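For reference, the chains in residue letters:
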Amino acid sequence: MAIKFEVLHVCKQSGARLGRLTTPHGVFETPFFMPVGTQATVKTLTPEEAFEVSEGLILGNTYHLWLQPGNELVKEHGGIRGFMKWKGALLTDSGGYQVFSLTDMRKITEEGVHFKHHKNGSALFISPEDSIKIQEDLGADIIMSFDECPPPYETDEYMKTSVDRTIRWAKRGKDALTTDQALFGIVQGGLNKDLRKYCAEELIQMDFPGYSVGGLSVGETKHEMYEITKFLNPILPFDKPRYLMGVGAPDDLIMNVINGMDMFDCVLPTRIARHGTALTTQGKIVIKNQTYEKDMNPLDPHLKTPVSKYTRAYIRHLFKAEEILGMRLVTYQNLAYLKHLMKEIRTAIKEDRLLDYLEEMKKTTNYFKSR
């Protein structure tokens, strides 16, 4: 079995979807958020801790695991799940994001992408077929087509060339697949709605088991991001999961759920945690600030987790003393909060009150203040 997806309920107030995703390693209610385990680890957490603060799905990075330790070694362990002793479900990206992020170190051709190794400069090459083969070795339940993630403000001419290539690469990847892993097509096209529609329709004709929306949260405004997801909502198949790649800020999660998205991932909650920013039910807190020097309250008074027993003053002290435990505690908190948020969102969808929940979130947190 690859995967199965069904829509269980549509919120009468917002149009957001509640779904059920069945994978070989678990059944999950959507919408949900997936922590990122780039190198077969969610940074600073054990796999057991990552399981506690996730829905039971995490993401691994094809490009990084291909380079270190190599997909063959991971395969010998039985894939990422055996390698890191992960007991849940798993999704891998395709390496396509690195085509975007390593702009200065790569050359795109029809055949694939020539890279320089981001650490030692050695010559590398990856094709759509290579990406699928690596992901087969990594053994995720859900895998991604190899694509180009173009910068959002490129010319329409560049975007059209890029989208056409992404569509051709999607077909090549689909033809190369030899397993029953669920391969998603990735809708690209930047901020150009015509190209987004064209890309989506071409991929829909190929009949993928799910569709990702890529090329957002890469420098465009929040409003521009929401415009694209709202636009794609009626175009993407109703009965297939939609995965918005690389989005994880609390305000972006709820807004894109309203726009019909089901699955999310992002390094944001773990990355900002390591720099001392906590996500809580009351909003963002920069724990290193002097305000918290003598604060005897828990990090998040309204969310009970193993982090709750420590005071803000203690966690601030850990950061000031450059102790790793501070990073670990805030990482745990941030992912626990996003898990809590997504559960609240699913409950609000079930009860047809997601727009009410959005208004409540705007009043009680600072997540929408920086707009």
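Just so we're clear, the structure is a prediction, and the values are computed from it rather than from any experiment. (Residues numbered from 1 in each chain as written. Predicted model: local features only at pLDDT ≥ 70, side-chain atom pairs only at ≥ 80, totals over all residues. Heavy atoms only, no water.)

A. How the structure looks around the overall build of the chain. A tally of regular secondary structure across the chain gives 14 helices and 16 strands. Taking 371 residues into account, the globule formula puts the C-alpha radius of gyration at 21 Å, and the chain, at 20 Å, falls close to it. Dimensions along the principal axes, computed over C-alpha positions, put the chain at roughly 60 × 50 × 40 Å. Contacts in the chain between residues at least 24 apart in sequence constitute 66% of all its contacts with a sequence separation of at least 6. Summed over all atoms, the accessible surface of the chain reaches about 15500 Å², with 51% contributed by carbon and sulfur. (Helix = DSSP H or I, 4+ residues; strand = E, 2+ residues; numbered from the N terminus. Rg over C-alpha atoms; globule rule 2.2 N^0.38 Å. Contact = heavy atoms within 4.5 Å. Areas by Shrake-Rupley, 256 points an atom, 1.4 Å probe, with all protein chains shown as cover.)

B. Local environment of the nonpolar core. Of all hydrophobic cores here, the largest spans 90 residues; its most connected members are I254, F264, I345 and L354. At 12 residues, helix α13 (residues 324-350) tops the list of elements feeding residues into this core. Each residue touching I345, except ones within four places of it in the same chain, is listed here: P31, I254, V257, L354 and Y357. In terms of nonpolar packing, the next biggest core, distinct from the first, is built from 19 residues, I3, I142, A182 and Y243 among them. (Core = buried A, V, L, I, M, F, W, Y, C linked by side-chain atoms within 4.5 Å. Buried < 20%, exposed > 50% of the residue type's maximum accessible area, 1.4 Å probe, protein only.)

C. Representation of the packing of aromatic side chains in the model. As enumerated under the stated definition, the model contains 8 aromatic pairs in all. Taking 6.3 Å as the distance between ring centres and 65 degrees as the angle between the ring planes, the aromatic pair formed by Y63 and W66 counts as edge-to-face. Here the residue Y63 and the residue W66 both occupy positions in helix α2 (residues 62-67), the gap between them amounting to 3 residues, near one helical turn. For the pair formed by Y63 and W66, the shared burial category is buried. Plain terms: the ring middles of F146 and W169 are 5.0 Å apart, the flat faces sit at 25 degrees to each other, and that makes the pair stacked. One end of the pair, F146, is in the loop between β10 (142-144) and α7 (156-176); the other, W169, is in helix α7, with 23 residues separating them in the sequence. For W169, a relative accessible area of 0% gives the class buried. (Phe/Tyr/Trp six-rings, centres within 6.5 Å; stacked < 30°, edge-to-face > 60°.)

D. Local environment of the environment of R172. Tracing the backbone shows R172 in helix α7. Only 2.9 Å separates the side chain of R172 from the backbone oxygen of E111, close enough to count as a polar contact. (Polar contact = N/O pair within 3.5 Å; in protein donor to acceptor, adjacent residues only side chain to side chain.)

E. Spotlight on the sheet that holds strand β3 (residues 26-30). Read across the sheet, 3 strands follow the order β1-β2-β3 without closing on themselves; strand pairing throughout is antiparallel. With partners counted over all chains shown, the strands left at the sheet margins are β1 (4-10) and β3, one partner each. Going from strand to strand, the sheet's axes swing by 15 degrees on average, the running direction of each strand aside. As judged from the 6 bridges shared by β1 and strand β2 (residues 17-23), these two strands associate in the antiparallel manner. In the strand pairing of β2, H9 is matched with L18. Its contacts with the sheet put α13 on β1, β2 and β3, and the angle it makes with β2 is roughly 120 degrees. (Pairing = 2+ DSSP bridges. Axes fitted to C-alpha atoms, helices over the stretch in contact; angles between N-to-C directions.)

F. Highlighting the packing of helix α9 (residues 222-232) against helix α10 (residues 250-258). At their nearest, the axes of α9 and α10 sit 10 Å apart, and the two run at 25 degrees to each other. Accordingly, the angle class assigned to the pair α9 and α10 is roughly parallel. Here α9 and α10 pass one another in a crossing that is right-handed. In this structure, α9 uses K222, M225, Y226 and T229 to contact α10, whose residues at the interface are D251, D252, M255 and N256. Taken together, the residues that form the contact of α9 with α10 break down as 3 nonpolar, 2 polar and 3 charged. (Parallel < 35°, antiparallel > 145°, perpendicular 65-115°, else oblique. Left-handed = near helix turned anticlockwise from the far one by under 90°. Nonpolar A, V, L, I, M, F, W, Y, C, P; charged D, E, K, R; others polar.)

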